[in-house]
Amino acid sequence: MKSAISKTRKYNGFNAPKGSRISFVDGAPVVPDNPIIPFIEGDGIGPEIWLATRRVVDAAVASAYGGKRNIAWFEIFAGGKAKELFDNWLPDDSVDAIADFGVAIKGPLNTPSGGGFRSLNVRLRQTLDLYSCIRPIHHIEGVPSVLKAPEKLDVVIFRENTEDVYAGIEYQAGTEDALKVAGLLSELGTEVREGTGIGIKIISKEASRRLVRRAIQYAIDHGRKSVTLVHKGNIQKYTEGAFSLWGYELAKEEFGDLTITEKELWDEHDGVLPEGKVLVNDRIADAIFYELLINPEKYSVIATTNLNGDYLSDACAAQVGGLGVAPGANIGDTSALFEAVHGTAPTIAGKNIANPTSLLLSALMMLEYMGWDEAAAMVHKALSRTIGNKRATGDLTRLMDDARALSTSEFADALIAELPAVEAKEQLVGDETKNQNVVPAANTRGKRAMPKVSVIGAGGVGATCAQYIANMGLADVVLLDIQEGIPQGKGLDLLQAGALLGSDARIHGTNDYADTVGSDIVVITAGIARKPGMSRDDLLKTNATIVQEVAHRAFTLSPEAIFLVVTNPLDVMTYLVWKTTGLPSAKVIGMAGALDSARFKAFIAEALDVSVVDIQAMVLGGHGDLMVPLPRYSTVSGIPITELMDAEKIEALCARTRDGGAEIVSHLKTGSAFYAPGASVTMMVESILKDSHRLIPSSVHVGGAYGIKGDLFIGLPTVLCRHGVHGVVEIKLRRDEKRALKASAKTVQGTIETMETLLG
Ligand code: APR
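Since the model is a prediction, treat every value here as computed from it, not as a measurement. (Residues numbered from 1 in each chain as written. Predicted model: local features only at pLDDT ≥ 70, side-chain atom pairs only at ≥ 80, totals over all residues. Heavy atoms only, no water.)

*Asks:* I would appreciate a short explanation of the sheet that holds strand 30 (residues 639–640) in the present structure.
*Replies:* The pairing of strands in a sheet comes from backbone hydrogen bonds and takes either a parallel or an antiparallel form. With respect to topology, three strands assemble into an open sheet ordered 26-29-30, the strand pairing being antiparallel. Lying at the two open borders of the sheet, with one neighbouring strand each, are strand 26 (615–616) and strand 30. Sheet topology places strand 29 (residues 635–636) next to strand 30; two bridges connect them, and they run antiparallel. Bridging from a neighbouring strand, Thr635 pairs with Pro640 of strand 30. (Pairing = 2+ DSSP bridges. Helix = DSSP H or I, 4+ residues; strand = E, 2+ residues; numbered from the N terminus.)

*Asks:* Got a minute to help me understand the nonpolar core in this structure?
*Replies:* For soluble globular proteins, the rule of thumb is that nonpolar side chains tend to be buried together. Within the largest apolar cluster, 158 residues are counted, with the highest numbers of intra-cluster contacts made by Phe338, Val523, Leu564 and Val685. Broken down by element, the residue count for this core peaks at ten residues, all from helix 1 (residues 46–65). Counting residues in hydrophobic clusters, the runner-up holds 19 residues, among them Ile36, Ala78, Leu90 and Leu124. (Core = buried A, V, L, I, M, F, W, Y, C linked by side-chain atoms within 4.5 Å. Buried < 20%, exposed > 50% of the residue type's maximum accessible area, 1.4 Å probe, protein only.)

*Asks:* Help me understand helix 16 (residues 460–471) in this model?
*Replies:* An α-helical segment advances 3.6 residues per turn. Residues three or four places apart therefore align on the same side. For helix 16, with twelve residues, the first-to-last C-alpha span of 16 Å sits near the 16 Å given by 1.5 Å per residue. Where helix 16 is buried, its residues meet strand 20 (452–456), strand 21 (476–480), helix 17 (486–501), strand 22 (507–510), strand 23 (521–524) and helix 23 (675–689). Of the residues trailing helix 16, Gly473 is marked for its positive phi of about 70°. (Expected span 1.5 Å × (residues − 1). Contact = heavy atoms within 4.5 Å.)

*Asks:* What is the right way to read the side chain of Thr574 from this model?
*Replies:* In this structure, Thr574 sits in helix 19 (residues 570–581). Once residues lying within four places of it in the same chain are set aside, the contact partners of Thr574 are Val565, Val588, Ile589, Gly590, Ser699 and Phe713.

*Asks:* Looking at this structure, I do not really get empty space enclosed by the protein. What am I missing?
*Replies:* By rolling a water-sized probe across the atoms, one finds the places where empty space is left. Inspection of every chain in the model, using the stated rule, returns two cavities of 30 Å³ or more. In this structure, the largest cavity occupies an estimated 130 Å³ of space. Around the largest cavity, the lining residues are Asp58, Val61, Ala62, Arg69, Asn70, Ile71, Trp73, Tyr513, Ala514, Arg553, Thr556 and Leu557. Going through the elements one at a time, helix 1 and helix 18 (536–557) are the ones with two or more residues in the lining of the largest cavity. Here the lining of the largest cavity is built from residues that sort into seven nonpolar, two polar and three charged. Mapping the lining of the largest cavity onto the domain boundaries places at least three of its residues in each of domain 1 (19–144 + 322–343 + 350–422) and domain 3 (449–588). (1 Å grid on protein atoms, 1.4 Å probe; cavity = no way out; pocket = protein on both sides within 12 Å on 5 of 7 lines; lining within 4 Å. Points joined across faces, edges and corners; volume = space filled by probe spheres on them. Nonpolar A, V, L, I, M, F, W, Y, C, P; charged D, E, K, R; others polar. Domains from an automatic or database assignment.)

*Asks:* Would you explain the packing of helix 18 against helix 24 (residues 735–759) in this entry?
*Replies:* Axes are the key here: two packed helices are described by the angle between their axes and the distance separating the axes. The N-to-C vectors of helix 18 and helix 24 enclose an angle of 75°; their axes lie 10 Å apart at closest approach. In terms of orientation, helix 18 lies roughly perpendicular with respect to helix 24. Residues Asp537, Leu540, Lys541, Ala544, Thr545 and Gln548 of helix 18 touch helix 24, and the partners they reach there are Thr751, Thr754, Met755, Leu758 and Leu759. (Axes fitted to C-alpha atoms, helices over the stretch in contact; angles between N-to-C directions. Parallel < 35°, antiparallel > 145°, perpendicular 65-115°, else oblique.)

*Asks:* What is the right way to look at the layout of surface pockets in this model?
*Replies:* If you add up the space inside the second largest pocket, you get close to 860 Å³. Considering the residues around the second largest pocket, the lining is formed by 38 residues, among which Ile134, Tyr218, His222, Glu368 and Tyr369 are closest to the centre. Of all the secondary-structure elements, those providing two or more residues to the lining of the second largest pocket are strand 4 (28–30), strand 8 (132–138), strand 9 (154–160), helix 6 (205–221), strand 16 (327–331), helix 11 (357–369) and helix 12 (373–388). With six residues, the top contributor of residues to the lining of the second largest pocket is helix 6. In the lining of the second largest pocket, the residues fall into 23 nonpolar, five polar and ten charged. The two domains that each donate at least three residues to the lining of the second largest pocket are domain 1 (19–144 + 322–343 + 350–422) and domain 2 (146–164 + 201–319).

*Asks:* Just to check I follow, could you spell out the site of the ligand for this structure?
*Replies:* Near the ligand, the surroundings consist of 17 residues, among which Gly460, Val461, Asp481, Gln483 and Asn568 are the closest. For the ligand, an oxygen atom lies 2.6 Å from a polar atom in the side chain of Asp481. For the ligand, whose accessible area on its own is 730 Å², the fraction buried by protein is 81%. Secondary-structure elements contributing two or more residues to the shell around the ligand are helix 16 and helix 18. (Near = heavy atom within 4 Å. Polar contact = N/O pair within 3.5 Å; in protein donor to acceptor, adjacent residues only side chain to side chain. Areas by Shrake-Rupley, 256 points an atom, 1.4 Å probe, with all protein chains shown as cover.)

*Asks:* Can you walk me through helix 9 (residues 285–294) in this structure?
*Replies:* Within the span of helix 9, buried status applies to Ala285, Ile288, Glu291 and Leu292. For helix 9, the angular spread of buried residues about the axis comes to 100°, placing them on one side. Away from the buried face of helix 9 by more than 90 degrees, exposed residues Tyr290 and Ile294 are located. On its buried face, helix 9 is in contact with strand 9, strand 12 (226–231), strand 14 (278–284), strand 15 (301–304) and helix 10 (306–319). (Arc of directions from axis to C-beta.)

*Asks:* What is the right way to read a positive patch on the surface from this model?
*Replies:* Together, Lys709, Lys732, Arg735, Lys738, Arg739 and Lys742 make up a positively charged patch on the protein surface. If you trace the backbone, Lys732 turns up in the loop between strand 33 (724–728) and helix 24. (Patch = residues over 30% accessible without salt bridge, like charges linked within 9 Å, V, L, I, M, F, W, Y side chains within 5 Å. Salt bridge = Lys/Arg side-chain N within 4 Å of Asp/Glu carboxyl O. Lys, Arg positive; Asp, Glu negative; His and termini not counted. Charge placed at Lys NZ, Arg CZ, Asp CG, Glu CD.)

*Asks:* Quick question: what am I supposed to make of the packing of aromatic side chains here?
*Replies:* Aromatic ring pairs: the centre-centre distance and the angle between the two ring planes describe each pair. Under the criterion given, the structure shown has 14 aromatic pairs. Where Trp50 meets Trp73, the ring centres are 5.0 Å apart and the plane angle is 85°; that geometry is what we call edge-to-face. One end of the pair, Trp50, is in helix 1; the other, Trp73, is in strand 6 (residues 72–75), and 23 residues separate them in sequence. Accessibility classification places Trp50 together with Trp73 in one group, the buried group. Here a set of aromatic residues connected by ring pairs shows up, and it is made of Tyr11, Phe74 and Phe101. The residue whose ring lies beneath Arg69 is Tyr65, and the NZ or CZ to ring-centre distance is 4.7 Å. Sitting over the face of the ring of Tyr166, Arg159 holds its NZ or CZ atom 5.1 Å from the ring centroid. (Phe/Tyr/Trp six-rings, centres within 6.5 Å; stacked < 30°, edge-to-face > 60°. Lys NZ or Arg CZ within 6 Å of the ring centre and 35° of its normal.)

*Asks:* Where do I start with the sheet that holds strand 7 (residues 103–106) in this structure?
*Replies:* With mixed pairing, the eleven strands of this open sheet are ordered in space as 6-5-7-17-16-8-9-15-12-14-13. Each of the sheet's edge strands pairs with one partner strand only, and the pair in question is strand 6 and strand 13 (259–261). Each neighbouring strand pair of the sheet contributes to a mean axis angle of 25°, computed without reference to strand direction. In the sheet, strand 5 (residues 36–40) pairs with strand 6 via four bridges, with the strands oriented parallel. Bridging from a neighbouring strand, Pro38 pairs with Phe74 of strand 6. This element, helix 8 (residues 262–269), spans strand 13 and strand 14 of the sheet and lies at about 85° to strand 13. Packed onto the sheet, helix 9 meets strand 9, strand 12, strand 14 and strand 15 and runs at close to 115° relative to strand 14.

*Asks:* Looking at this model, I keep getting lost on the pairing of strand 32 (residues 713–721). Mind explaining?
*Replies:* Along any regular strand the residues' side chains alternate between the sheet's two faces. For strand 32, the buried fraction is high: nine of the nine residues fall into the buried class. Covered by surrounding structure in strand 32 are Phe713, Gly715, Pro717, Val719 and Cys721 together with Ile714, Leu716, Thr718 and Leu720, the residues of both alternating faces. Pairing analysis gives eight bridges linking strand 31 (residues 694–701) to strand 32, with the strands arranged antiparallel. Looking at the pairing, Ser699 lines up with Gly715 of strand 32. Both strand 32 and strand 33 contribute to a ladder of four bridges, which runs antiparallel. Across the sheet, the residue bridging to Leu720 is Val725, located in strand 33.

*Asks:* Before we go on, may I ask you to explain the pairing of strand 7 in this structure?
*Replies:* Burial along strand 7 is two-sided: Val103 and Ile105 facing one way and Ala104 and Lys106 facing the other are all buried. Across two bridges, strand 5 lies against strand 7 in parallel orientation. Looking at the pairing, Ile40 lines up with Lys106 of strand 7. One ladder, built from four bridges, connects strand 7 with strand 17 (residues 336–340); its direction is parallel. Of the residues in strand 17, the one forming a bridge with Ile105 is Phe338.

Here it is in structure tokens:
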């Protein structure tokens, strides 16, 4: 029995996310709508295939349940990452987390080299008593196979996971222990040669019975016609042979009315399986390899001992396309661990070319195990359609005709594109039982329908733009942050400020992405500021990792939202959000030019002593040092400032604009500007929500404008409408301005490349 988990219990120093625990009754999971599921991303290709898997699973869950159900993923550590962080290949906390939360998933793990280490996978299985290894193996349409008719194989292998030669009872030749065991054998009448290594195979009645029980139950639950006990009992009577006998015994005792033996089938039913019965038969291990190639359609569920199961699972996987497309699960009575069955593929790690299908299929098994069949079916359909349309990772397309090789992330994008659109808004609004604090997709308080803006990151910029957006009555606001308490506190404070300022907009502070479901706009301000000792690349990597995760999580719950990006380095982060979400480029916009222009405008007004209301200022290019102010297109009531100030003065204002952020930082000492950035976001939000088609310099996909090629985002004069970018205005630039803009684009491109290298 599991003991109660303390709410304050940390795992590897981290709190679990908000969510509920999966419990077990009679060996079966009882799954809440927001289960906490620990994950181990794994070594080598693990992180990239895990990211792809997680994106597809989240999207499928969002698509199937519209925000009513969602998974609270919780990272735990094992393998190389755990060694690096905690100097421990498998921290106890990670094992405890799986035991406590019940269901977990993992990528491939390196087994530490050197003497004395047992495989991490084996340790996990044995420590958690995950006694059944389940490997469903069937062909996915389109996956290349060496066989003519790979679709004929459709088996689920139940492999005993805790005993057999994997129990680790081995004695090295010549050691004292080996000699002792040899002595004992001699006493029992068996002589072994000098210099013999000895391994002991153990097979118990209890372990055999519980494995066969699961296999038969599975066959009954899933309408499968047979369970074949596979063993090598002709040679090893009391281990392999006993496994088979105990299996038959259990079938008779516990499932007597639902199973029949092969003898009964022929003696009493002329070989025709009676309706509602499961055939229990057995095959010798060597024969089954032959049988599964020649007569695969005769087999359905296989229950076998550990070593046989190991060989058989990989051989069957090879028949349907290899280990890259084979999933696995290790299931006990109180926990379950789903995993990719292949290795870490270190030679292709970090290249974004690995095939995530094995891990994704394991996640699909996990969804089925949880009873989330709708989401599982969607993942399965998306896989069949995508691969069936000859779109897959290179390992598969290499073997197909006319197929297009996709990167790991593109493959995930393609799968997500095959999922049905989320119907979050309708479902959530109609669902009275959902979290009462959630701001619905369209607030229908009174007669007014209020749009919904989610601001991710409740720091200086996030809280300020939340304040402006709500106070101006533009939208209801969900303010989300990773820090507990901050968004809740700020949200309440802002709500109360609204009461004084006469705003009916609702502000809700939260740590839970479920609250962002169905947003019209998502504003991303999450990130960290550069800390002493941190290089630019360190900052880039950290913020990119944060933005990638945030964008992905928000996108899965609000796939129709427009994304406004604020986190620096702005143009690069905007590109990253576009890549991560796979949204059309018109829906991903960076806040940059609006702020730079505002600064330019403020300085012009101050210098000329005129009202800011009459000033239009235009700034292009990358945000920060890279900006290209355009004095010719900056006017006071239509009069270019070049008519009102000398060149030197203008250059000084341009320089001050370029350094606008740094000047504020130098005063603040810690932190950076937030009022003007918050106001700039608000102006963009207003133009989008009111569909006012304002021309606001924004960081947008260049799409060949201004002769700039490639997939990059940079500040350009942009008309913003309800669909995001309505269009980019191409103004005539002088040669030096064009050069500056191109140089700016080149630098942004360079930083994108650095980021992609850093992210792997
Ligand atoms: N998920 C959600 N919130 C996060 C995450 C995350 N993974 N990581 C960090 N945050 C939150 C922090 O907890 C913090 O509250 O993001 C917030 C950032 O706030 P500040 O540090 O105050 O930064 P801010 O001044 O708001 O600037 C945000 O905009 O202008 C840019 O350069 C600036 O990149 C920075 C961003």
